[in-house]
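# Per-entry structural report
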Amino acid sequence: MLDIQKIRADFPILSQTVNGKPLVYFDNGATSQKPQIVIDAEVKYYQEINANIHRGVHTLSQLATDAYEISRGKVKEHINAKFAHEVLFTSGTTHGINLVTNGFASILKPGDEVIVSSLEHHSNIVPWQMLCEKTGALLKVIPMNENGELIIEAFDALLSEKTKVVTVNHISNALGVINPIKYIIDKAHAVGAAVLIDGAQAVPHLKPNVQELDCDFYAFSGHKMCGPTGTGILYGKEEWLNKLPPYQGGGEMIKEVTFEKTTYADLPHKFEAGTPNIAGGIVLGTAIDYLNSVGFENIHEYETELLDYATKRLSEIEGLRIYGTGKNKASVISFNIDGIHPYDVGSIIDKLGIAVRTGHHCAQPIMNFFCIPGTIRASFSFYNTKEEIDQMVDAVKKAQIMLS
Ligand code: C6P
């Protein structure tokens, strides 16, 4: 059992008022709030050990390097990667996915096929489209049903020896649906395809086990899991990271440079050109420690309670439709009210202190499927409460009356 009031006290922003009302922060899918321990760790880094890493022999540089590599080790343990050098620091999920698609440009041939799902964020559509344009590969899409679930038989039918890559998100950001990724990974491997999982929306809610999943790549963002913005991780299997060419050229990613030829550094440095977000990388480790101290089983249990409660309460509102009604869901609810634009509801409830996201959530194909311009999305974290859900429901009812 979580002591929610104690947890809330860890997050200074939650005691703030917005528009004169206590803040109800339900935009955790966009970015999570940060506990004081994470904020303090960022300050402590700049106050005490700020230096560039992997370069200097001086003490501060070594302290910063050690802290950065300790954090990489924490991520390795957290996701159960086989080696620390399979864990690449990135600026976020988008960066991680682009690193992979860039690498596949030298692997794919015209007529090869890449399978994405209809539930993807634009970050996991556009880079693959760009790759297909560059290489002459074809983009195939796993369709979804009215509940927002992928149609798995259709996925099975898309697979063939032409399939070279399959990519899906672990959890849909727009609908909260949890995808059957283990099934997808195993089926894709059976035809020899590589698999990238976009874990951006999964890591705040669960602990991915990349060896058990057997995915080839797993990309996520630090800022959605209580870490700083501009941080992220790309996990890649050693064999794949050795096969892919570097993403960017520059300092840190080389073994030797002459004007005739450059040789590249070993993993992970081959993919970490330039000075990274050192403070962010270190503090991501602190965020992971914090989440583990709360406990992912506790988080799952409590967030399921919040999801069930919010689904029940919102369903009381006449004319309200929830999108993404499959069985397997994370604590995200996307909804609309008949005849009212989601933006209008979002603006009114913001005046009442409630922060939700409205719009297409960078997942326009999902909105096109439902023939809507967007939704109102409430995404819950373990520091939210049922009382806050009640406040949102009251605010939505008020907005409905004002806008009808
Ligand atoms: N989704 C949301 O409000 P970055 O911006 O690189 O940290 O993450 C991109 C991204 C990739 N995949 C999924 C499934 C995502 O949800 C996101 C980010 C935020 O839903 C901001 S658009």
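Residues numbered from 1 in each chain as written. Predicted model: local features only at pLDDT ≥ 70, side-chain atom pairs only at ≥ 80, totals over all residues. Heavy atoms only, no water.

## So, the sheet that holds strand β6 (residues 138-142)
Read across the open sheet, the seven strands follow the order β4-β10-β9-β8-β7-β5-β6; overall the sheet is mixed. Edge positions in the sheet fall to β4 (87-90) and β6, since each of these pairs with one other strand and no more. The average angle at which neighbouring strand axes cross in this sheet is 20 degrees, direction not considered. When β4 meets strand β10 (residues 232-236), the two strands line up antiparallel, connected through four bridges. (Pairing = 2+ DSSP bridges. Helix = DSSP H or I, 4+ residues; strand = E, 2+ residues; numbered from the N terminus. Axes fitted to C-alpha atoms, helices over the stretch in contact; angles between N-to-C directions.)

## Focus: the domain arrangement of the protein
Each domain of the protein was delimited in the assignment, giving domain 1 (4-30 + 295-403) and domain 2 (39-292). On a C-alpha basis, the centroid separation for the pair domain 1 and domain 2 is 28 Å. Buried surface at the junction of domain 1 and domain 2, summed over both partners, amounts to about 2700 Å²; 58% is from carbon and sulfur atoms. Counting across the interface, domain 1 meets domain 2 through one salt bridge. Between Glu 146 and Arg 321 there is a salt bridge; the shortest N-O distance is 3.4 Å. Taken together, the connections running from domain 1 to domain 2 amount to 18 residue pairs in polar contact (both at pLDDT 80 or more). (Domains from an automatic or database assignment. Buried area = accessible area lost by both parts, 1.4 Å probe. Salt bridge = Lys/Arg side-chain N within 4 Å of Asp/Glu carboxyl O. Polar contact = N/O pair within 3.5 Å; in protein donor to acceptor, adjacent residues only side chain to side chain.)

## Brief notes about the nonpolar core
Counting 103 residues, the largest nonpolar core has Tyr 218 and Phe 382 as its most contacted members. Domain assignment of the residues forming this core places at least three in each of domain 1 (4-30 + 295-403) and domain 2 (39-292). Grouped together as the second largest cluster of nonpolar side chains are 23 residues, Phe 104, Val 116, Val 165 and Phe 217 included. (Core = buried A, V, L, I, M, F, W, Y, C linked by side-chain atoms within 4.5 Å. Buried < 20%, exposed > 50% of the residue type's maximum accessible area, 1.4 Å probe, protein only.)

## Looking at the sheet that holds strand β14 (residues 332-337)
Sheet architecture is open: four strands sit in the order β13-β14-β17-β16, paired in antiparallel fashion. Across the chains shown, the open sheet's two edge strands, defined by having one partner strand only, are β13 (320-323) and β16 (357-359). The sheet shows a mean angle of 30 degrees between the axes of neighbouring strands, taken without regard to direction.

## Let's talk about the site of the ligand
The ligand sits among 17 residues. The nearest are Thr 94, Asp 198, Gln 201, Ser 221 and Arg 357. At 2.5 Å, a side-chain N or O of Thr 94 approaches an oxygen atom of the ligand. Here the ligand, which alone exposes 510 Å², has 87% of that area covered by the protein. For the shell around the ligand, a count of residues per class yields three nonpolar, ten polar and four charged. Split by domain, the shell around the ligand shows at least three residues from each of two domains, domain 1 (4-30 + 295-403) and domain 2 (39-292). (Near = heavy atom within 4 Å. Areas by Shrake-Rupley, 256 points an atom, 1.4 Å probe, with all protein chains shown as cover. Nonpolar A, V, L, I, M, F, W, Y, C, P; charged D, E, K, R; others polar.)

## Quick notes on the packing of aromatic side chains
Enumeration according to the criterion identifies 14 aromatic pairs in this entry. Taking 4.8 Å as the distance between ring centres and 90 degrees as the angle between the ring planes, the aromatic pair formed by Phe 26 and Phe 380 counts as edge-to-face. Of the two residues, Phe 26 sits in the loop between β3 (24-25) and α2 (36-49) while Phe 380 sits in the loop between β17 (375-379) and α14 (386-403), which places them 354 residues apart along the sequence. Note on Phe 26: relative accessible area 0%, which makes it buried. (Phe/Tyr/Trp six-rings, centres within 6.5 Å; stacked < 30°, edge-to-face > 60°.)

## Looking at the pairing of strand β9 (residues 217-221)
Counting buried residues along β9, five of its five residues qualify, which places the element largely inside the surrounding structure. Alternating positions in β9 separate into two faces, Phe 217, Ala 219 and Ser 221 on one and Tyr 218 and Phe 220 on the other, with burial throughout. Taken together, the three bridges between strand β8 (residues 194-198) and β9 define a ladder with parallel strand orientation. From the neighbouring strand, Leu 196 faces β9, where its bridge partner is Phe 217. As paired strands, β9 and β10 are joined by five bridges and run antiparallel to one another. The residue bridging Ala 219 from the neighbouring strand is Leu 234, located in β10.

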